[in-house]
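Coordinates in review
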Amino acid sequence: MNDMHHSKDYFENDCKVVARNRTDLLQAFKLSFFAMSRFPTFPWNLLQTELKKDKSSELISDILKQTCLHSLCIKHPPSVKYRRLFLTELIKRHEATESERLDELYDALGEVLGAEERSECFKSYLLPCGEALSLLESVAVISEGTTGLVTWEAALYLAEWALDNPHIFMGRTILELGSGVGLTGIAVCRSCRPFRYVFSDCHSSVLHKLQENVQLNGLSKQNPPRVSVEELDWAAVTTEQLREIGANTVIATDVVYDPDIISCLVKLLTKVLRCMSPGSPPEVIISSTIRNPDTYKCFMDKLESAGIQHEVIRGPVTPVFQYNRLSTIELIKLYT
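First, a word on what this report is: a plain description of the structure on this page. (Residues numbered from 1 in each chain as written. Predicted model: local features only at pLDDT ≥ 70, side-chain atom pairs only at ≥ 80, totals over all residues. Heavy atoms only, no water.)

1. Let's talk about the overall build of the chain
Per the secondary structure count, the chain includes 12 helices and nine strands. The 336 residues of the chain split such that 54% are buried. Of all intrachain contacts in the chain linking residues separated by at least 6 positions in sequence, the fraction that spans at least 24 positions is 72%. On the chain, roughly 15400 Å² of surface is accessible, and the fraction owed to carbon and sulfur atoms is 49%. (Helix = DSSP H or I, 4+ residues; strand = E, 2+ residues; numbered from the N terminus. Buried < 20%, exposed > 50% of the residue type's maximum accessible area, 1.4 Å probe, protein only. Contact = heavy atoms within 4.5 Å. Areas by Shrake-Rupley, 256 points an atom, 1.4 Å probe, with all protein chains shown as cover.)

Written out as structure tokens, the structure reads:
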């Protein structure tokens, strides 16, 4: 998978992939396709320009090989609907030029049209080392009564920050609250060399999917880092349980979304910050997409009332993953 290495040159602030040459173009299509990015973010205009210059179908064939015919797509495919829409758009762009017909393009579409849509699909994100991080996710944003079966922007944001700051995680025991499908934790485990990583959530379906994704990415209790997936009910967790985990660093992403759970979350964070021996509280880092400013302000007010202070941390410097960079995402560190 080392051919999947990428650089910051592929990204703009709005997550639209930038391609400056033919090699970039192929890589841009690959990155966007496997992350199931929105189609407007693909470099279609550059593709049209290249197709006008070259009447052969070689470029379209190469794009096909880097997407639907790539070994990663065979092993961990995006959703059937996504592949169908992608191939339809690719055919449309191809037919708009005078390029020669490419049978394998229509064969690929025919195969997808005959495939059965499932409730789950794979999204793959490419780490700086060039390896793929693949996640089995729900096709629907809300599934089985939870939003925890898909990857959210704040998780990608914190994962990028972790890749910029591996020393925060190296050799440490990490507890993640509300791990969801596991993107942030798996990225940290595969790139930042923690000693131990505890994924946690409370919804049974999320925990099942989380365990699948942890195993899918080759993580286990046996090999370093030592990894576990644990049920953690924010309302019921005790100080003794937190001390037993013994986390040096506690992280959470997109946990500030519902006013009804903020009080419970703040009580948990209070326990986390005070459960360790005096003078050695864990580092607590929260990544939040601010969708509703009133909800986020409520969270900040509750923190202040609980005697918890915060500081805003500078976000990731090096773009690695694809997500909407125009979203308001804030990274904060908590302390008492």
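2. Topic: the packing of helix α7 (residues 153-164) against helix α8 (residues 183-191)
Close contact between α7 and α8 brings their axes to 8 Å; oriented N to C, the two are set at 15°. What the angle tells us is that α7 and α8 run roughly parallel. Relative to α8, the crossing made by α7 is right-handed. Residues A155, L156, L158, A159, A162 and L163 of α7 lie in contact with α8, whose contacting residues are L183, T184, A187, V188 and S191. Partitioning the contact of α7 with α8 into residue classes produces nine nonpolar, two polar and no charged. (Axes fitted to C-alpha atoms, helices over the stretch in contact; angles between N-to-C directions. Parallel < 35°, antiparallel > 145°, perpendicular 65-115°, else oblique. Left-handed = near helix turned anticlockwise from the far one by under 90°. Nonpolar A, V, L, I, M, F, W, Y, C, P; charged D, E, K, R; others polar.)

3. Looking at the packing of helix α11 (residues 259-274) against helix α12 (residues 293-305)
Their axes nearest at 10 Å, the elements α11 and α12 cross at an angle of 30°. The orientation of α11 relative to α12 falls into the category roughly parallel. The two elements α11 and α12 meet at a crossing, and its hand is right-handed. Along its contact with α11, which presents P259, I262, S263, L265, V266 and L269, the element α12 presents T295, C298, F299, K302 and L303. Considering only residue class, the contact of α11 with α12 consists of eight nonpolar, two polar and one charged.

4. Some thoughts on unusual backbone geometry
In most cases, non-glycine residues show a negative phi, while peptide bonds are predominantly trans. For the bond from P224 to P225, the omega torsion is -10°, close enough to zero to count as cis. Looking at where P225 falls in the secondary structure, it is placed in the loop between α9 (204-216) and β5 (226-231). Positioned with a positive phi, M36 is a non-glycine residue whose angle comes to about 55°. As for its placement among the helices and strands, M36 is situated in the loop between α1 (22-34) and α2 (44-53). Classification of M36 by relative accessible area gives buried; the value is 18%. Positive phi is not limited to glycine here, since D254 has a value of about 50°. Within the secondary structure, D254 is located in the loop between β6 (249-253) and α11.

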